[in-house]
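# Descriptive structure summary
What follows is each chain in one-letter form.
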Amino acid sequence: MHIAVLGGGNFGTCLAHVLAKSGHDTHLVLRDENVAKSINTIHENSKYLSGIKLCKRIEATTQFGVLTGCEYWIIALPCQKQAELLPRFVPYFGEMTTLINVAKGIDLKRLLPLSMVVPQIFGLEDESARYAVLSGPSFAKEVALDMPTACTLACADESRAVHLRDIFTTPYFRCYSSTDVLGVELGGAIKNIYAIAAGVSDGLNYGDNARASLVTRGLAEMCRLGLAMGANFQTFMGLSGIGDLMLTCNGDLSRNRQVGLRLGKGEKIDEIIASMNSVAEGVATTHAVYAMAQNLGVEMPITYTMKKILDGEFTPQDGLQYLLSREQKPERF
Ligand SMILES: NC(=O)C1=CN([C@@H]2O[C@H](COP(=O)(O)OP(=O)(O)OC[C@H]3O[C@@H](n4cnc5c(N)ncnc54)[C@H](O)[C@@H]3O)[C@@H](O)[C@H]2O)C=CC1
Ligand SMILES: O=C(CO)COP(=O)(O)O
């Protein structure tokens, strides 16, 4: 099988490694010639996943020509860049090519999930079987080190979802299939807001009780928005919902959680972003989800609070105090 991975960052590199190890002809298409050279010669990505030896079968390139021979394209580019970057790949897109998007974010400019942006770019509006989403608790570093991981692979066409699930599954990487593309992508995108929130709480040393409450009430918000948009409730109880929420709210490998920890300790968001060499999707996605929730009339107090903190309108202390002092109410989703 010929597979292309678009984007040679942490996750693109780790997925290329997993797929190449499974015996697929795997082309990692990236923009930096030096990174391509380092992957092809010393089998390490000189910018990301440092110290991890990659499968020698990966062929890294900056040339788009290889794309024409690949039946599956995995999109591992940051969410906010996709609408701008993907049109340049369209001339190489074949009639049988299937896209699998692994990004976890909401397009801030359009206020839309990527499944409502990317298929249009490739003329796939009426071919939902050729667009899929992979999401779930999967830190790139752990995946690249063959540590056991499980994710959800969603495609509107069930038989295609099963087929793709089987392509991705290895002895260490287990995939479950789903037909709820929207639910799977919303879970992966929205959990990043609460990973930042959990980081803020921990940065303030508010303790384990506070973090557990943020995770739980974050899940309630995620479900509320997801259901209003037409996703399936059950999806949020799965790997791409509560699964990824638990991982990134608790796990220090999460960049979104790290952003929150630093905010909680008093750093400013601009300084934090400027110091990172990797994307934290939750920052833009907080603003996107807040606006979408407003448009749909869905109550999302943690998202509102995180937006205020990111905008510098609440201090982290004021933000968490605001959440505690809200009107009392019955517990419901
Ligand atoms: N790192 C992880 O553990 C996981 C990440 N994801 C998602 O995958 C997506 C990508 O994440 P990472 O690979 O971790 O991000 P990253 O920041 O490590 O890498 C992003 C890649 O996109 C490329 N890129 C950025 N702007 C570009 C431009 N203008 N032109 C060409 N290339 C450009 C960068 O060069 C880099 O190769 C995100 O949506 C993330 O949420 C999903 C699951 C796990
Ligand atoms: O989504 C992830 C793991 O499932 C990665 O989380 P971060 O983007 O916060 O690092």
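Residues numbered from 1 in each chain as written. Chains lettered and ligands numbered in written order. Predicted model: local features only at pLDDT ≥ 70, side-chain atom pairs only at ≥ 80, totals over all residues.

Applied cut-off: UniProt positions are given in the numbering used here, feature names are shortened, and annotations may be inferred rather than shown by experiment.
By the naming in an unreviewed UniProt entry, the protein chain goes by Glycerol-3-phosphate dehydrogenase [NAD(P)+] and is assigned to Taurinivorans muris. The Pathway (unreviewed entry) comment attached to the protein chain in UniProt states, word for word, "Membrane lipid metabolism; glycerophospholipid metabolism."

### Considerations on the overall build of the protein chain
For clarity, the cut-off: Runs of E in the DSSP output that reach at least two residues are strands. Runs of H or I that reach at least four are helices, and both are numbered from the N terminus. The atom set for the radius of gyration is the C-alpha atoms, and the globule formula is 2.2 Å times the number of residues raised to the power 0.38. With C-beta atoms placed from the backbone, a residue is buried if 20 or more other C-beta atoms are within 10 Å of its own, exposed if 12 or fewer are, and partly exposed between those counts. Here the contact rule is simple: place C-beta atoms from the backbone, and any two residues whose C-beta atoms are within 7 Å are in contact.
Tallying secondary structure elements over the protein chain gives 15 helices and 10 strands in all. A globule of 333 residues ought to have a C-alpha radius of gyration of about 20 Å, and the protein chain, at 19 Å, matches this closely. Counting only C-alpha atoms, the protein chain reaches 60 × 40 × 35 Å along its principal axes. Put simply, the protein chain has 333 residues, and 50% of those count as buried. Considering only intrachain contacts with a sequence separation of at least 6, the fraction spanning at least 24 residues in the protein chain is 69%.

### Structural notes on the site of ligand 2
Quick reminder of the rule: In this entry, near means the residue's backbone-placed C-beta atom lies within 6 Å of the molecule or strand. Three residue categories are used. Nonpolar comprises Ala, Val, Leu, Ile, Met, Phe, Trp, Tyr, Cys and Pro, charged comprises Asp, Glu, Lys and Arg, and polar comprises the others, including Gly.
Neighbouring ligand 2 are 13 residues; Ser138, Thr248, Ser254, Arg255 and Asn256 lie closest to it. Taken together, the elements giving at least two residues each to the shell around ligand 2 come down to α7 (181–203), α10 (239–250) and α11 (255–264). With 3 residues, α10 is the largest single contributor of residues to the shell around ligand 2. Of the residues in the shell around ligand 2, the class split is 4 nonpolar, 5 polar and 4 charged.

### Section: the UniProt feature "binding site: sn-glycerol 3-phosphate" (unreviewed entry) in the protein chain
The UniProt record annotates "binding site: sn-glycerol 3-phosphate" (unreviewed entry) at Lys104, Gly136, Ser138, Lys191, Asp244, Ser254, Arg255 and Asn256. Within the secondary structure, Lys104 is located in the loop between β5 (98–101) and β6 (106–107). Judged by local crowding, Lys104 falls into the buried class, with 28 C-beta atoms found within 10 Å. Leave out the neighbours within four places in its chain, and Lys104 touches Cys79, Ser135, Gly188, Ala189, Asn192 and Glu281. Relative to the assigned elements, Asn256 resides in helix α11. The class for Asn256 is buried, based on 26 C-beta atoms found within 10 Å. Residues within four places of Asn256 in sequence aside, it is in contact with Asn192, Ala195, Ile196, Thr248, Ala280 and Gly282.

### A word on the pairing of strand β8 (residues 131–135)
Regular strands have side chains that alternate between both faces of the sheet. Worth spelling out the cut-off: One bridge is not enough; two strands pair if DSSP finds at least two bridges between them.
Most of β8 sits inside the fold, with 5 of its 5 residues counted as buried. Here β8 shows two buried faces, one formed by Tyr131, Val133 and Ser135 and the other by Ala132 and Leu134. Across 3 bridges, the pairing between β5 and β8 is parallel. Bridge assignment links Asn101 to a residue of β8, and that residue is Val133.

### Focus on the confidence of the model for the protein chain
Note the following rule: Here pLDDT means the predictor's own confidence in every residue, given as a number from 0 to 100.
This prediction gives the protein chain a mean pLDDT of 97; 100% of its residues lie at or above 70. Model confidence for the complex is summarised by a pTM of 0.98, with the ipTM given as 0.98.

### Focus: the nonpolar core
The line we're drawing: In these notes, a nonpolar core means any group of buried Ala, Val, Leu, Ile, Met, Phe, Trp, Tyr and Cys residues linked to one another through C-beta atoms within 7 Å.
Counting residues in hydrophobic clusters, the biggest one holds 59 residues, and the most contacted among them are Val5, Leu6, Leu15, Ile74 and Ala132. Leaving out residues up to four positions away in the same chain, Leu15 has contacts with Val5, Ile74, Ala76 and Val102. Listed in part, the 41 residues of the second largest apolar core include Leu219, Leu245, Leu263 and Ile302.

### Notes on helix α8 (residues 207–229)
What counts is decided by this rule: Here a helix's expected span is defined as the number of its residues, less one, multiplied by 1.5 Å.
With 23 residues, α8 ought to run about 33 Å at 1.5 Å a step, and its terminal C-alpha atoms sit 33 Å apart, in line with that. The complete set of buried residues in α8 reads Arg211, Leu214, Val215, Gly218, Leu219, Glu221, Met222, Cys223, Leu225 and Gly226. Buried-residue contacts for α8 involve α7, α9 (233–236), α10, α13 (282–296) and α14 (301–310). Once α8 ends, the next one or two residues include Gly230, with phi positive near 105 degrees.

### A short note on the site of ligand 1
Close to ligand 1 lie 25 residues, the nearest being Gly9, Asn10, Phe11, Ala103 and Lys104. Those elements that provide at least two residues to the shell around ligand 1 are α1 (10–21) and α3 (79–85). When grouped by side-chain class, the residues that make up the shell around ligand 1 number 13 nonpolar, 8 polar and 4 charged.

### Brief notes about the UniProt feature "active site" (unreviewed entry) in the protein chain
In this numbering, the UniProt entry assigns the feature "active site" (unreviewed entry) to Lys191. With respect to the helices, strands and loops of the structure, Lys191 is situated in helix α7. Lys191 gets classed as buried once you count the C-beta atoms within 10 Å, which come to 32. The contact partners of Lys191, leaving out residues within four places of it in the chain, are Met222, Asp244, Leu245 and Thr248.

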